[in-house]
Amino acid sequence: METAVVLLRWAQYTTSFVLMGGALFALYALPAGGASSAVALGWPRRLLGGSAALLALASVLGLLLQTAVVAGSLAAALDPATLASVITEMAMGASSLVRATAATLALAVLLLAPQGRVGWIATAALGGVATASMAWMGHGAATEGLAGGVHLLADLAHLAAAAVWVGALAFFVGLASDRRRDADRIAVFHAALAGFSGVGSALVAVLVASGLVNSWFLVGPSGWPALAATAYGRLLLFKLTLFAVMIALAAANRFRLTPALRTALADPTRTDSAVMALRRSLQLELGVALAVVALVAWLGRLAPITAQ
């Protein structure tokens with residue numbers, strides 16, 4: 001049952017990140033109109049709609065399974081009184097309900113509302129609510145007092161930055177996989193990559209700063225020697241290693257592959273190879289990002305070093 005809980009947590013992190021970060025990407029990185037807009041491309045709406053539906057389902061199933069862990073059995077989790085108690089008395093229960101509601105509303109917006117800027121803004125906002133609610137599923141909400149407020153704020157900043165990065169990667173992979181590689185779409189793809197460079201640097205800074213704050217609370221100034229001796233510490237070291245790999249891949253995209261695509265724009269015979277190189281790199285970066293998110297989902301179920 002514990003493995004299923006971790007997998008559902010991973011699904012919730014991933015889909016909320018894509019919902020928030022992807023909708024934001026449609027706003028700041030893609031044209032508002034024309035053949036390369038998010039509306040004209042078509043797949044952004046399907047990707048976000050699928051993410052919203054999966055998020056709603058994973059939130060409900062996750063609530064039931066975590067209630068089963070607390071109550072001792074799946075049968076007890078299906079008892080309305082037990083479920084109501086978890087929702088009203090535990091942060092985990094309330095946050096799951098908020099997340100499922102936000103995901104359902106986002107799905108309704110994507111399916112029923114007219115496509116356009118207002119729809120992307122509403123989807124990004126609801127995705128932001130779902131992403132923020134994940135902070136009440138981790139260790140940040142468990143810290144008490146003034147320090148708890150600092151820890152929670154760091155957690156929220158960490159989640160927001162991760163969502164923007166993961167959502168952008170999902171959309172970049174979508175753009176790179178588009179079979180219609182006309183000059184306009186490739187130019188939009190390049191412009192989005194080049195424009196994201198500054199955003200990406202800011203995201204890394206936020207992730208590092210908020211990660212250091214979280215480490216102060218979860219590892220502590222005297223807990224670093226225990227990193228290699230505990231399951232929590234080893235997973236954290238693995239997560240940091242994968243994060244470094246993500247930064248290296250992002251740097252390669254920014255300083256080598258994106259300039260190569262800019263050069264290839266003037267030579268149509270080189271365009272396909274340049275796009276393919278970027279697609280492989282972006283797919284790898286997204287895969288590493290999803291592995292990092294899986295580790296985050298796992299770490300949230302383990303006692304941090306400061307509690308051992």
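To start, this report covers the structure provided alongside it.

Procedures and definitions
- Residue positions within a chain follow its written sequence, with the count starting from 1.
- For a predicted model such as this one, the threshold for reporting local features is a pLDDT of at least 70, and the threshold for listing and counting side-chain atom pairs is 80 or more; totals across whole chains, interfaces and linings nevertheless cover every residue.
- Side-chain descriptors were evaluated using all non-hydrogen atoms of the structure, hydrogens and water having been removed beforehand.
- Helix and strand assignments follow DSSP, with helices taken as H or I runs no shorter than four residues and strands as E runs no shorter than two, numbered in order from the N terminus.
- This radius of gyration counts C-alpha atoms alone. The globule rule is 2.2 Å times how many residues there are, raised to the power 0.38.
- What makes two residues a contact is simply this: any of their non-hydrogen atoms within 4.5 Å.
- All accessible areas in this document rest on Shrake-Rupley with a 1.4 Å probe, and a residue is counted as covered only by the protein chains that are shown.
- We treat Lys and Arg as the positive residues and Asp and Glu as the negative residues; His and chain ends play no part in the count.
- Working definition for charges: the position is that of NZ of Lys, CZ of Arg, CG of Asp or CD of Glu.
- Residues belong to a common nonpolar core when they are buried Ala, Val, Leu, Ile, Met, Phe, Trp, Tyr or Cys residues joined through side-chain atoms within 4.5 Å.
- Buried residues are those whose accessible area, probed at 1.4 Å on protein chains only, stays under 20% of the maximum for their type, while exposed residues exceed 50% and partly exposed ones sit between those limits.
- Salt bridges are defined by distance alone: a side-chain nitrogen of Lys or Arg within 4 Å of a carboxyl oxygen of Asp or Glu.
- Any two rings among Phe, Tyr and Trp, with Trp reduced to its six-membered ring, count as a pair given centres within 6.5 Å; such a pair is stacked if its planes are under 30 degrees apart, edge-to-face if over 60, and tilted if neither.
- Axis definition: a line fit to C-alpha positions, over the contact stretch in the case of helices; interaxial angles, taken between N-to-C directions, run 0 to 180 degrees.
- In this scheme, roughly parallel covers angles under 35 degrees and roughly antiparallel covers those over 145, while 65 to 115 is roughly perpendicular and the rest are oblique.
- The handedness criterion is simple: a crossing whose near helix is rotated anticlockwise from the far helix by less than a right angle is left-handed, and one whose near helix is rotated clockwise is right-handed.
- Residue classes follow a fixed rule: Ala, Val, Leu, Ile, Met, Phe, Trp, Tyr, Cys and Pro count as nonpolar, while Asp, Glu, Lys and Arg count as charged, and any other residue, Gly among them, counts as polar.

## Remarks on the overall build of the protein chain
Then comes step 1: A count of helical and extended segments in the protein chain gives 11 helices and zero strands.
Then comes step 2: Ordering the α and β elements of the protein chain from the N terminus gives α-α-α-α-α-α-α-α-α-α-α.
Then comes step 3: For the protein chain, the C-alpha radius of gyration of 20 Å lies close to 19 Å, the compact-globule estimate for 308 residues.
Then comes step 4: Projecting the C-alpha coordinates of the protein chain onto the three principal axes gives extents of approximately 65 × 50 × 35 Å.
Then comes step 5: For the protein chain, restricting intrachain contacts to residue pairs at least 6 apart in sequence, the fraction spanning at least 24 positions comes to 79%.
Then comes step 6: Taken as a whole, the protein chain presents about 13,700 Å² of accessible surface, with 71% of it coming from carbon and sulfur.
Then comes step 7: Charge centroids of the protein chain, computed over 18 positive and 11 negative side chains, lie 8 Å from each other.

## Examining the nonpolar core
Then comes step 1: Phe25, Phe172 and Phe189 are the most contacted members of the largest nonpolar core, which has 83 residues in total.
Then comes step 2: Per element, the largest residue contribution to this core is 16 residues, and it comes from helix H8 (residues 145-176).
Then comes step 3: When sequence neighbours within four positions are dropped, the list of residues in contact with phenylalanine 172 reads Phe25, Phe189, Ala192, Leu193, Phe196 and Leu282.
Then comes step 4: Within the second largest apolar cluster, five residues are counted, among which are Val5, Leu8, Ala11 and Ala58.

## Details of the environment of valine 204
Then comes step 1: Locating valine 204 in the fold gives a position in helix H9 (residues 183-218).
Then comes step 2: Excluding its chain neighbours within four sequence positions, the residues that come into contact with valine 204 are Trp165 and Ile247.

## Notes on the pattern of salt bridges
Two side chains that carry opposite charge are able to pair once their charged atoms sit near each other.
Then comes step 1: Within this structure, the stated rule accounts for two salt bridges.
Then comes step 2: In this structure, arginine 301 and glutamate 2 form a salt bridge, with 2.8 Å as the shortest nitrogen-oxygen distance. With arginine 301 in the segment after helix H11 (268-299) and glutamate 2 in helix H1 (residues 2-28), this residue pair connects regions lying 299 residues apart in the sequence.
Then comes step 3: Ionic pairing is found between aspartate 178 and arginine 185, a salt bridge with its closest N-O pair at 2.7 Å.

## A closer look at the packing of aromatic side chains
Then comes step 1: Evaluated as defined, the whole model comprises seven aromatic pairs.
Then comes step 2: Each ring, one from tyrosine 13 and one from phenylalanine 17, has its centre 6.0 Å from the other, and the planes form 55 degrees; the classification is tilted. With a gap of four residues between them, tyrosine 13 and phenylalanine 17 both fall in helix H1, about one helical turn apart.
Then comes step 3: Centroid distance phenylalanine 172 to phenylalanine 196: 5.5 Å. Interplanar angle 80 degrees. Geometry classified as edge-to-face. Taken together, the residues phenylalanine 172 in helix H8 and phenylalanine 196 in helix H9 connect sequence positions 24 residues apart.

## Considering the packing of helix H3 (residues 43-71) against H8
Then comes step 1: Packing of H3 against H8 brings their axes to within 11 Å, and their N-to-C directions diverge by 140 degrees. Classified by the interaxial angle, the pair formed by H3 and H8 is oblique. Note that H3 runs across H8; the crossing there is right-handed. On H8, the residues touching Trp43, Pro44, Leu47 and Leu48 of H3 are Ala170, Phe171, Gly174 and Leu175.
Then comes step 2: In terms of residue class, the contact of H3 with H8 is built from seven nonpolar, one polar and no charged.

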